[in-house]
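# Coordinate inspection notes
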Amino acid sequence: MAAPAPAPEPGSSWDGSAERLLLDATRRAVRAPAERVALVLHLSRLGPPAPEPHHRRIARALLTEAAQRLDGQLFPLGNGDLALLCRTAHSRTPAADEPSSLRSNLARLFGGEAAGPEAIVSLWPLPGQADLLLAYAAERLAAAEQFGAALRRDVIERSRAFSVAIRPEPAPMTGLPDFPEMLQRRTGALVARSGGTRSHTLRPLFRELAFSPAALSAHYAPASDTSSDPWLLRHFDGRLEEPLLALIEAALPGSGPIGMAGTPPDFALHLNLSPKTIMEERTAHVFRLSRSIGVPIGVEVSLVEAAAMPEAFAAARSVLRRAGLRIVLGAISHQALLLTRPQSLDADLFKLEWSARLARLAEPDRGALASALDAIGRERVILNRADNEEAVLWGLGHGIRRFVGHHVEVMLAAGRMLACAAASGCTLGQCSERAASATAPGRRFCRNLSLLDSGAPSAGPS
């Protein structure tokens, strides 16, 4: 079966209309006596997972303004590229606003996300380089027409599958026993120096209980690729917050994969909740229960949710403050850190999402990132998705000591196996997978569950 067509870029053409208009406008510009120029911002050449929504918004705002200044027209193409056809300059236009200067500014702004600044922007004077623009427009039109036909078929197939796959009432809310199988445990850890030496130790700090994106996708829409739509997954996640709290309420005082008995005294439980759920009575009861048994709780709200609903977030934050709970601001990309001041939202911890692009930032952005980390306080930053050694080393090199991710889980598993008398029958991968499981069957072959749930054999110094 043919692979499904990728989703079109928001606000762009997927049926070839913009490409057709660009081709027609280019032919007219070649015949016109006034000199014009074509500038193409190749957002399609940004490295994955880009282009992200903020890339498109910023690029479109800049080029729309340039089109107005330079008597031009902007064409948002189906592959995400933005093509601007405009005058070469205007008698009243400052030199800094000319297309060549605009090209330099766009290359500096977006070039760090691509293979190189020279690959991200094309500037073709007309009519001298009209052949390049005509070839580009014709190529994009052919691709868009092919893509549009495939997408129309795919939309019909997905709509049919999705209408069948999504039930009005989520199955876990009816009390099905497989509900915990949709959960996964993640352990956040502090990397601390071992005495005066250069070696490091890991101290588990908290356990996150979260829904597995793969499990959500498989359960709610097995015929659709929901993994590419984080907001759809967040919608499913939000519908399951109530049964999750009921599960935690029943399990919290005891041991087991969801209970917190036997964990170190300062070992916290972190939950990702919406501001609406934070305000509910059942949530307040879970908070009171955790306080009565001495289990610290941290509540994570994403930066996007907090910014989109500032009044609701402020009310939820007040509830958490009165309850003496830790507030975590999550899902902070490095681009958001460069453009916003998340510390103004008055959280206790800030979860920065690791991206390999962090290690390749250009000098101006490196300095801006350092200033942003200083403004937050590096001791309050958690580096999320630290799934490889590069992420952990980058974090340590930038004064970050708190991590969540697969690489940290494997390091914790290695420490447990060194101290476990029953480790000879296990592998490192098995120990790591069992620690992440939120069900008894997923842990049944572990012969040292108390060590598994404590995260590590002993706490290192902070």
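Scroll up for the structure.
This structure is a prediction, so every number in the text was calculated from the model and none was measured. (Residues numbered from 1 in each chain as written. Predicted model: local features only at pLDDT ≥ 70, side-chain atom pairs only at ≥ 80, totals over all residues. Heavy atoms only, no water.)

## Some details on the overall build of the protein chain
What counts here: For helices the rule is a DSSP run of H or I covering at least 4 residues; for strands it is a run of E covering at least 2, with both sets numbered from the N terminus onward. A contact between two residues is defined here by any heavy atoms of the two lying within 4.5 Å. In short, Shrake-Rupley with a 1.4 Å probe defines the accessible areas, and a residue's cover is counted only from the protein chains shown.
From N to C terminus, the protein chain includes 18 helices and 12 strands. Put simply, 66% of the contacts in the protein chain that link residues at least 6 apart link residues at least 24 apart. Surface summary for the protein chain: the accessible area is close to 22100 Å², and the carbon and sulfur share equals 56%.

## Notes on the environment of L141
Selection rule: Only protein chains enter the accessibility calculation, which uses a 1.4 Å probe. A residue is then buried if its area is under 20% of the maximum for its type, exposed if over 50%, and partly exposed in between.
You can see L141 is positioned in helix α5 (residues 130-165). What makes L141 buried here is its relative accessible area of 13%. Residues L141 and R20, spaced 121 residues apart in sequence, show a C-alpha to C-alpha distance of 6.2 Å.

## What about helix α3 (residues 99-110)?
Quick note on the threshold: Here the expected length of a helix is defined as 1.5 Å per residue gap, with one fewer gap than residues. What the arc measures is the spread of directions leading from the helix axis to the C-beta atoms.
Given a rise of 1.5 Å per residue, 12 residues ought to cover 16 Å, and the 16 Å separating the end C-alpha atoms of α3 matches this to within 8%. Of all the residues in α3, the buried ones are P99, L102, L106, A107 and F110. Buried residues of α3 fall within an arc of 135° about the axis and therefore sit on the same side.

## Digging into the state of the cysteines
One covalent bond between the sulfur atoms of two cysteine residues makes up a disulfide. So the rule is basically this: Whenever a pair of cysteine sulfur atoms sits within 2.5 Å, that pair is classed as a disulfide.
For the structure shown, the criterion picks out zero disulfides. Left unpaired, C420 is separated from the closest cysteine sulfur, that of C426, by 6.5 Å. Note on C446: no disulfide assigned, nearest cysteine sulfur contributed by C426 at a separation of 6.4 Å. Since its relative accessible area comes to 17%, C446 is described here as buried.

## Comments concerning the packing of helix α16 (residues 406-419) against helix α17 (residues 428-436)
Here is the rule we go by: Each axis is a line fitted through C-alpha atoms, taken for helices only over the stretch in contact, and angles between the N-to-C directions span 0 to 180 degrees. Angles are sorted into four bins: roughly parallel if under 35 degrees, roughly antiparallel if over 145, roughly perpendicular if 65 to 115, and oblique for all others. In this scheme the handedness of a crossing depends on how the near helix is turned from the far one: anticlockwise by less than a right angle means left-handed, clockwise means right-handed.
In the contact formed by α16 and α17, the axes pass within 9 Å of each other and the chain directions differ by 110°. With respect to each other, α16 and α17 are oriented roughly perpendicular. Crossing hand, α16 versus α17: right-handed. Of α17, the residues touching α16 (which contributes H406, E409, V410, A413, A414, R416 and M417) are L428, C431, S432 and A435.

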